[in-house]
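Architecture and fold: a report
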Amino acid sequence: MSYRTRSSGSSSAARIIAVVADILAFIIILWILMYLLDANRGNDFVQWVHDAATWLAGWSYDLFTFDAAWARVVAGYGLAAVVYLFIGHAIAGRIRR
């Protein structure tokens, strides 16, 4: 296997990891926006985004105890989105090297 082939394989893997991290963060950020804009929770798409974001941010969405519910949502879910982006892109950058 030549260096060029390994390099393009690493680049593809890194790109996939970065895109997956971006998609996960996008779902979480989409839920934050839907929450802040008071989206109709009876809507199937809104419910799917909420369920996916809650699953993805299960470790962080109840981490903060602000009095305002919107602040808890932004901080808890936002932390998960930032962590997914940071870790996903750090791993992708490491693979590219």
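Bear in mind the structure is a predicted one, so any value in this text is a computation, not a measurement. (Residues numbered from 1 in each chain as written. Predicted model: local features only at pLDDT ≥ 70, side-chain atom pairs only at ≥ 80, totals over all residues. Heavy atoms only, no water.)

A word on the side chain of T54. Along the chain, T54 turns up in helix α2 (residues 44–56). For T54, a relative accessible area of 18% corresponds to the buried category. Within the local environment of T54, its side chain forms a polar contact with the side chain of Y77, the two groups lying 2.9 Å apart. When sequence neighbours within four positions are dropped, the list of residues in contact with T54 reads Y61 and Y77. (Helix = DSSP H or I, 4+ residues; strand = E, 2+ residues; numbered from the N terminus. Buried < 20%, exposed > 50% of the residue type's maximum accessible area, 1.4 Å probe, protein only. Polar contact = N/O pair within 3.5 Å; in protein donor to acceptor, adjacent residues only side chain to side chain. Contact = heavy atoms within 4.5 Å.)

Membership of the largest hydrophobic core comes to 16 residues, with the highest contact counts inside it found for I28, W31, I32, M34, A53, V73 and Y77. Where this core is concerned, the elements lending two or more residues are α1 (3–36), α2 and α3 (69–96). Per-element tally for this core: the top contributor is α1, with six residues. What I28 contacts, discounting residues up to four positions off in sequence, is A53, L56, Y77, A80, A81 and Y84. (Core = buried A, V, L, I, M, F, W, Y, C linked by side-chain atoms within 4.5 Å.)

Turning our eyes to something else, we now look at the packing of aromatic side chains. For the structure on display, the rule yields two aromatic pairs. Seen in terms of ring centroids, F64 and F66 are 5.8 Å apart; in terms of plane orientation they differ by 20 degrees. Their pairing is stacked. Accessibility expressed as a relative area gives 28% for F64, which makes it partly exposed. (Phe/Tyr/Trp six-rings, centres within 6.5 Å; stacked < 30°, edge-to-face > 60°.)

With 13 residues, α2 extends 18 Å between its outermost C-alpha atoms, agreeing within 8% with the 18 Å of an ideal straight helix rising 1.5 Å per residue. Those residues of α2 that fall on the buried side of the exposure criterion are V46, V49, A52, A53, T54 and L56. At the N-terminal boundary of α2, the capping side chain belongs to N43, with an oxygen 2.8 Å from the backbone nitrogen of F45. (Expected span 1.5 Å × (residues − 1).)

This next bit is on the UniProt feature "transmembrane region" (unreviewed entry) in the chain. UniProt records the feature "transmembrane region" (unreviewed entry) for residues 12–37 and 69–92 in the present numbering. Secondary structure content for residues 69–92 is 100% helix and 0% strand, while the C-alpha to C-alpha distance between its ends is 34 Å. (UniProt positions renumbered as here; feature names shortened; annotations may be inferred.)

Turning next to the domain arrangement of the chain. Structurally, the chain comprises domain 1 (7–40) and domain 2 (66–96). On a C-alpha basis, the centres of domain 1 and domain 2 stand 10 Å from each other. Taken together, the contacts link 16 residues of domain 1 with 16 residues of domain 2. Summed over the shared surface of domain 1 and domain 2, the number is zero salt bridges. (Domains from an automatic or database assignment. Salt bridge = Lys/Arg side-chain N within 4 Å of Asp/Glu carboxyl O.)

Attention now moves to a nonpolar patch on the surface. On the surface, a nonpolar cluster with roughly 590 Å² of combined accessible area is contributed by I29, L33, L36, L37, W70 and V74. Only α1 and α3 provide two or more residues apiece to the nonpolar patch. Here the nonpolar patch takes three residues from α1, the largest share from any one element. As for its placement among the helices and strands, L37 is situated in the loop between α1 and α2. (Patch = residues over 30% accessible without salt bridge, like charges linked within 9 Å, V, L, I, M, F, W, Y side chains within 5 Å. Areas by Shrake-Rupley, 256 points an atom, 1.4 Å probe, with all protein chains shown as cover.)

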